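What the coordinates show
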Amino acid sequence: MLVSDSAYPLKNWLLKPFSNRGHLSHQKKRFNAKLSAMRSVVERAFGMLKGRWRALLKRIEQDHTSVQRTVTAACVLRNFCLLHGDTFDDDENRSPPDDPDNDDDDDDDPIDGASTRQALLDFLVTQGFL
């Protein structure tokens, strides 16, 4: 499952925030905030990787089956550098924060995506996270 901002379509494998048209419940607002925070952590991590290894800034010209190994290798190398005191960090490549009020739902998959997102919301509420 992937987490996205509101600009992407809602799918059963791609979560995006609930559309905020002024009628969201408190739980859905908290869900949106948590989802945005989670996505920000991932974006910051990729921003740091792209800052250190500029080759990740462009399209990776390799077979799609090996892209995961390339990204994993970049993560391992970054952790190795940090363990050895090399704390390079480049703020220039960080993504801007999400606009939680963006209501672009044109490509949503309303049945699968909405039920997946609602199931996650229900689970988080029953577990006391929201």
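Scroll up to find the structure.
All values derive from a computational prediction rather than experimental measurement.

What follows deals with the packing of helix 1 (residues 26-52) against helix 2 (residues 64-83). One way to put it is that helix 1 packs onto helix 2 with a least axis distance of 10 Å and a crossing angle of 80°. Classified by the interaxial angle, the pair formed by helix 1 and helix 2 is roughly perpendicular. Counting all contacts with helix 1, which are made through Phe-46, Met-48, Leu-49 and Arg-52, the residues of helix 2 involved are Val-71, Ala-74, Cys-75, Arg-78 and Cys-81. Of the residues contributing to the contact of helix 1 with helix 2, the split by class is seven nonpolar, no polar and two charged.

Volume-wise, the largest pocket comes out at about 540 Å³. Lining the largest pocket are 17 residues, and of these Leu-2, Val-3, Val-42, Glu-43 and Phe-46 lie nearest its centre. Only strand 1 (2-3), helix 1 and helix 2 provide two or more residues apiece to the lining of the largest pocket. Of the residues that constitute the lining of the largest pocket, the class distribution is 12 nonpolar, one polar and four charged.

Rules behind the numbers
- Residues numbered from 1 in each chain as written.
- Predicted model: local features only at pLDDT ≥ 70, side-chain atom pairs only at ≥ 80, totals over all residues.
- Heavy atoms only, no water.
- Axes fitted to C-alpha atoms, helices over the stretch in contact; angles between N-to-C directions.
- Helix = DSSP H or I, 4+ residues; strand = E, 2+ residues; numbered from the N terminus.
- Parallel < 35°, antiparallel > 145°, perpendicular 65-115°, else oblique.
- Contact = heavy atoms within 4.5 Å.
- Nonpolar A, V, L, I, M, F, W, Y, C, P; charged D, E, K, R; others polar.
- 1 Å grid on protein atoms, 1.4 Å probe; cavity = no way out; pocket = protein on both sides within 12 Å on 5 of 7 lines; lining within 4 Å.
- Points joined across faces, edges and corners; volume = space filled by probe spheres on them.

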